[in-house]
Structure formats: structure tokens, C-alpha cells
Amino acid sequence: RSQAFPRTVTVGTVNFEFITRSMHDNPNLRRTKTNTPLLMLALPHHARVLPIGQFVHDLDIKYQSIKGIMTPVLGDKWSYDEELTNIGFDDPESFQQVISTDENVKKIILDQVKKDLGRVLPTLGENMYGY
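All figures in this text were calculated on a predicted structure; none of them were measured in a lab.

Colleague: Can you explain the overall build of the protein? Please cite residues and give values.
Modeller: Within the protein, the regular secondary structure consists of four helices and five strands. In the protein, the succession of helices and strands from N to C terminus is β-α-β-α-β-β-β-α-α. Expressed as a percentage of the 131 residues in the protein, the buried residues total 15%. Of all intrachain contacts in the protein linking residues separated by at least 6 positions in sequence, the fraction that spans at least 24 positions is 59%. Accessible surface, the protein: about 11,500 Å² in total, of which carbon and sulfur atoms supply 57%.

Okay, structure coming up:
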């Protein structure tokens, strides 16, 4: 049975601004900021909310990540609005939800956690995405 809950939406604006420096054989010029647009790769959940004008459409290489194919983006600033969740972890309602969760569902979640812990994880020489 489903219940209707009043829903309030909280939106947060996420801003990224990258300061880039050029690679140059002159050590003095390496320290200067460049105005050259930065080519970056956006994860799929970021690409869905970025302005389409920042995408590079004619790049002929695909980059795969654990989150899916990454989208090439040109620019040194990202800004997008993200709907924030109102899920809590330490309030009485959350505790009650955990307690009342079906035992089969709890088992599925805990079994998956055990599987995840046994997977091959990136080494210290790699980042969390495995490269």
C-alpha cells in the first residue's frame, strides 16, 4: 500500500571552477594561468544537467567509466542545480524504517554488501574509477 507524503523540494546549486595552467617548457610560463578552454570528461549524471553548449560533439574517442560513457565538455566552469534529498539517517523515522524493512529485503542488501566487499578494488596507484 502506498502513502502520500507532502513533498518539499530543496535545490542546491553546484559550482565548479577550475584554474588551469599551461604545460610549457619555460618554467616561468608554467605558473601563469591560461585562458585556453579546458577539455574535461563529465560523468553521465553530470552530463544530464550541464548546458548542452558545453559538450564536444566531434570527439571520436569514447571514455568508459564505472558510471557509464563519459561526455567530453569544454570549459573551466560548471554550474548546475541539483535536487537535494530529504532522506535522513539518524532521525527516529529513519530508524523505524530500517526496523520495519522486510527481512528478505535486508538479506538482499546485506548479501550485496558482502559481494561488493569481495570485488577487486583499485590499487593505491589508481583512483576510485580504476585508472
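Colleague: Pulling in residues and values, what's your account of the nonpolar core?
Modeller: Within the largest apolar cluster, eight residues are counted, these being M40, A42, A47, L50, F55, V73, W78 and Y80. Mapped onto this core, the elements with two or more residues apiece are β2 (39–42) and β5 (77–84). Setting aside anything within four residues of it in sequence, one finds L50 in contact with A42, F55, V73, W78, S79 and Y80.

Colleague: How would you sum up the pattern of salt bridges? Please name residues and give values.
Modeller: Under the criterion given, the structure shown has two salt bridges. Among the ionic pairs, K106 bridges to E103, the shortest N-O distance being 3.3 Å. Here K106 pairs with E103, and both are found in helix α4 (residues 103–118), just three residues apart, close to one helical turn. The exposure class assigned to K106 is partly exposed, which follows from its relative accessible area of 25%.

Colleague: Talk me through the sheet that holds β2; I want residue IDs and the actual numbers.
Modeller: Pairing in this open sheet of three strands is antiparallel, and the strands run β2-β4-β3 from one edge to the other. Where the open sheet ends on each side, the last strands, each with one partner, are β2 and β3 (63–65). Across this sheet, the average inter-strand angle for adjacent strands is 45°, counted without regard to direction. As paired strands, β2 and strand β4 (residues 68–74) are joined by four bridges and run antiparallel to one another. Within the sheet, the bridge partner assigned to M40 lies in β4 and is V73.

Calculation criteria
Think of each chain on its own: its residues are numbered from 1, step by step along the sequence as written. This being a predicted model, a pLDDT of at least 70 is required before a residue's local features are given, and a value of 80 or more before pairs of side-chain atoms are given or counted; all residues contribute to the totals for chains, interfaces and linings. To get the side-chain values, take all heavy atoms of the structure and skip hydrogens and water. By definition, any uninterrupted DSSP run of H or I lasting at least four residues is a helix, any uninterrupted run of E lasting at least two residues is a strand, and each is numbered from the N terminus. Categorising residues by exposure relies on relative accessible area from a 1.4 Å probe, with only protein chains included: less than 20% of the type maximum marks a residue as buried, more than 50% marks it as exposed, and the intermediate range marks it as partly exposed. Between two residues, a contact is recorded if the distance between any of their heavy atoms is within 4.5 Å. All accessible-area figures derive from a Shrake-Rupley calculation using a 1.4 Å probe, and residue coverage is judged against the displayed protein chains alone. Put simply, buried Ala, Val, Leu, Ile, Met, Phe, Trp, Tyr and Cys residues joined by side-chain atoms within 4.5 Å make one nonpolar core. Each reported salt bridge corresponds to a side-chain nitrogen of Lys or Arg within 4 Å of a carboxyl oxygen of Asp or Glu. Should DSSP find at least two bridges between two strands, the strands are taken to pair. A fitted line through C-alpha atoms serves as each axis, taken over the contacting stretch for helices, and the angle formed by two N-to-C directions is quoted from 0 to 180°.

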